[in-house]
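Residue-level structural notes
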Amino acid sequence: MNEHNREAVIRFRDVSFTYEELPEGTSEASARASGVRMAVDHLDLEIYDGECVAVLGHNGSGKSTFAKLCNGIIVPDYGDVLVYGINTREEDRLLELRQKVGMVFQNPDNQIVATVVEEDVAFGPENLGFPPEEIRSFACQYVKEMSAGAVSLSMHRFQVIELVSSIYRFAVSNHLAPELLLGEDERMLNSVINMDAKQLAEWLSDTSIRMHTMLGTQRKDGAQSFVVKAIDYIHDHYGDQDLTVDKICSVLGVSSAYFSTTFKKETGSTFIGYLTDYRMEQAVQQLIEKNEKTYVIANRVGYADPAYFSYVFKKRFGKSPSRYRAERQ
C-alpha cells in the first residue's frame, strides 16, 4: 500500500523480457553473457487503483511490450507481473486476468480475429464462457423487455418472427446448420409465435445455449485447423531467419495475440519454443547425415549467428554441435 492506502493493481517485480529465442531453463546470467538484448530490462513498477498513467518513449523502447506483459499476452523471461494479485504466469487464471486488463492495438487489423462482423462481436462473450444460467437470465430479460414493448398481439408476433429470423441469419453467417439449431419442422415458427412469455423465454434459453455450444465446437475446430497450418508452415520455412510470430500471423490472417494464445493451448508450447525445438531436430539430423561445417548447418536451420546456434544447441543437448557429431560417427 502507498501513503493513500490505495491498492497496487499492477506490479512489476524485477521484470526482464526478450524477443530473442531462449532455450527453456536459461538463466538470466547465461542469457546476458551470450549477448541477448532485453526489450524490458529489470523493470520495477507499481500502478495504483485510480491512477492514470501514460507510458512514453520512442519506437522500440518497449511500450507495446509493457502493455502485453500487463495482460499476459506475453510473460516475463525473468521476474513477475501481478495484476490484482494474479501472476500472469498462472495460465488457469488468464481468463480472469483479461477481464480486468484490456488492450487496444495501434493497428486495427491486429484486433480482428474473424472474417465477418458477427463472429468478431461474438468472440468476447464466447471466450468469457458464459454459464447456461447466465444465458437463461439474458434470455428471460430479453423476452420481458420485448413483451413490455409490444402494444398489440400482431406487434408481438412480428417481434417473435424478427427474433427467429435474426437467429437464423446469425447461424447462417457463422456457418452453423440452421436445421440443427432451430429444427427442420416447418411448424416451428407457428409454435414459437403462439408461445406465452414463459414458454418463449425457455425456448430462447435452450436455443441460445445450443447455439453457444455449437459455436464453441466450431471455434475449437477452427483453432485446431489454423494451428495445423502454422505447424506445416514452420516445417516448410524453419530455415527462414526472419520467421516470427508476426510473419506467420500475416500468412494465416490472424492476430498475434489470438495466435499465441491458441497455439500454446493446442500444442502445449509457445511458437518460439516449438520453432526452436524443430530447428534443433533438423540440426541434429543434418549433423549426422551431412559432412558440413557447423556454421553452414546453423544458417540452414535459421541461425545467422553460429555462436548463438551453438549456445542453443548445447543448452538443449548438453554438448556442442561438433562434439555431438563426433560421438555419433
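Refer to the structure above for everything that follows.
These remarks concern the structure in this document.

Parameters at a glance
- Residues numbered from 1 in each chain as written.
- Predicted model: local features only at pLDDT ≥ 70, side-chain atom pairs only at ≥ 80, totals over all residues.
- Heavy atoms only, no water.
- Salt bridge = Lys/Arg side-chain N within 4 Å of Asp/Glu carboxyl O.
- Buried < 20%, exposed > 50% of the residue type's maximum accessible area, 1.4 Å probe, protein only.
- Helix = DSSP H or I, 4+ residues; strand = E, 2+ residues; numbered from the N terminus.
- Pairing = 2+ DSSP bridges.
- Contact = heavy atoms within 4.5 Å.
- Axes fitted to C-alpha atoms, helices over the stretch in contact; angles between N-to-C directions.
- Core = buried A, V, L, I, M, F, W, Y, C linked by side-chain atoms within 4.5 Å.
- Phe/Tyr/Trp six-rings, centres within 6.5 Å; stacked < 30°, edge-to-face > 60°.
- Polar contact = N/O pair within 3.5 Å; in protein donor to acceptor, adjacent residues only side chain to side chain.

1. Focus on the pattern of salt bridges
Applying the stated criterion to the full structure yields twelve salt bridges. Taking the shortest distance from any N to any O, the salt bridge between Lys319 and Glu327 comes out at 2.8 Å. Using a relative accessible area of 19% as the deciding quantity, one classes Lys319 as buried. Judged by relative accessible area, Glu327 falls into the partly exposed class, the value being 42%. Note that Glu327 and Arg323 form a salt bridge whose closest N and O atoms lie 3.0 Å from each other. With Glu327 and Arg323 both in helix H15 (residues 321-327), this residue pair falls four residues apart, about one helical turn. What emerges from the salt-bridge pattern is a single network uniting Lys319, Arg323, Glu327 and Arg328.

2. A look at the sheet that holds strand S2 (residues 40-48)
Spatially, S2-S1-S3-S4 is the arrangement adopted by the four strands of the open sheet, whose pairing is antiparallel. Two strands close off the open sheet at either side, each with one partner strand: S2 and strand S4 (86-87). Sheet analysis places strand S3 (residues 78-83) next to S4, joined by two bridges and oriented antiparallel. Bridge pairing in S4 places Val83 opposite Ile86. Packed on one face of the sheet, helix H2 (residues 63-70) meets strand S1 (8-17), S2 and S3 and runs near 120 degrees to S1.

3. Examining the nonpolar core
Ranked by internal contacts, the top residues of the largest apolar core, which has 37 residues, are Ile248, Phe259, Phe263, Phe271, Tyr303, Phe309 and Phe313. Of all the secondary-structure elements, those providing two or more residues to this core are helix H9 (197-237), helix H10 (245-252), helix H11 (256-267), helix H12 (271-289), helix H13 (294-300) and helix H14 (306-317). Sort the elements by how many residues they give to this core and H12 lands first, with seven residues. Leaving out residues up to four positions away in the same chain, Phe271 has contacts with Ile234, Leu243, Thr244, Val245, Ile248, Phe259 and Phe263. Of all hydrophobic cores here, the second largest spans 23 residues; its members include Val164, Phe170, Leu182 and Met214.

4. Structural notes on the packing of aromatic side chains
In this structure the tally under the stated criterion is 15 aromatic pairs. Note on Tyr303 and Phe309: the rings are 5.6 Å apart at their centroids and 55 degrees apart in plane angle, and the pair reads as tilted. Phe309 shares its class with Tyr303; the two are buried. Judged by centre distance (5.4 Å) and plane angle (85 degrees), the rings of Phe313 and Tyr324 are edge-to-face. With Phe313 in helix H14 and Tyr324 in helix H15, this residue pair connects regions lying eleven residues apart in the sequence.

5. Some thoughts on the environment of Ile161
Among the secondary structure elements, Ile161 is positioned in helix H6 (residues 153-173). Separated by 31 residues in the primary sequence, Ile161 and Val192 place their C-alpha atoms 8.6 Å from one another. Beyond its immediate sequence surroundings of up to four residues, Ile161 is in contact with Leu189 and Ile193.

6. Some points on the side chain of Arg279
Within the secondary structure, Arg279 sits in helix H12. The class of Arg279 is buried, set by a relative accessible area of 2%. A polar contact of 2.8 Å, which involves the side chain of Arg279, links it to the backbone oxygen of Tyr238. One polar contact links the side chain of Arg279 to the main-chain carbonyl oxygen of Val301, over a distance of 3.0 Å. Once residues lying within four places of it in the same chain are set aside, the contact partners of Arg279 are Glu21, Tyr238, Asp240, Gln241, Leu243, Val301, Gly302 and Tyr303.

7. Re the pairing of S3
Two elements, S1 and S3, share five bridges in a ladder whose sense is antiparallel. The residue of S3 that forms the bridge with Arg11 is Leu82. Counted between consecutive antiparallel strands, the loop separating S3 from S4 contains two residues, among which Tyr84 sits at a positive phi close to 50 degrees.

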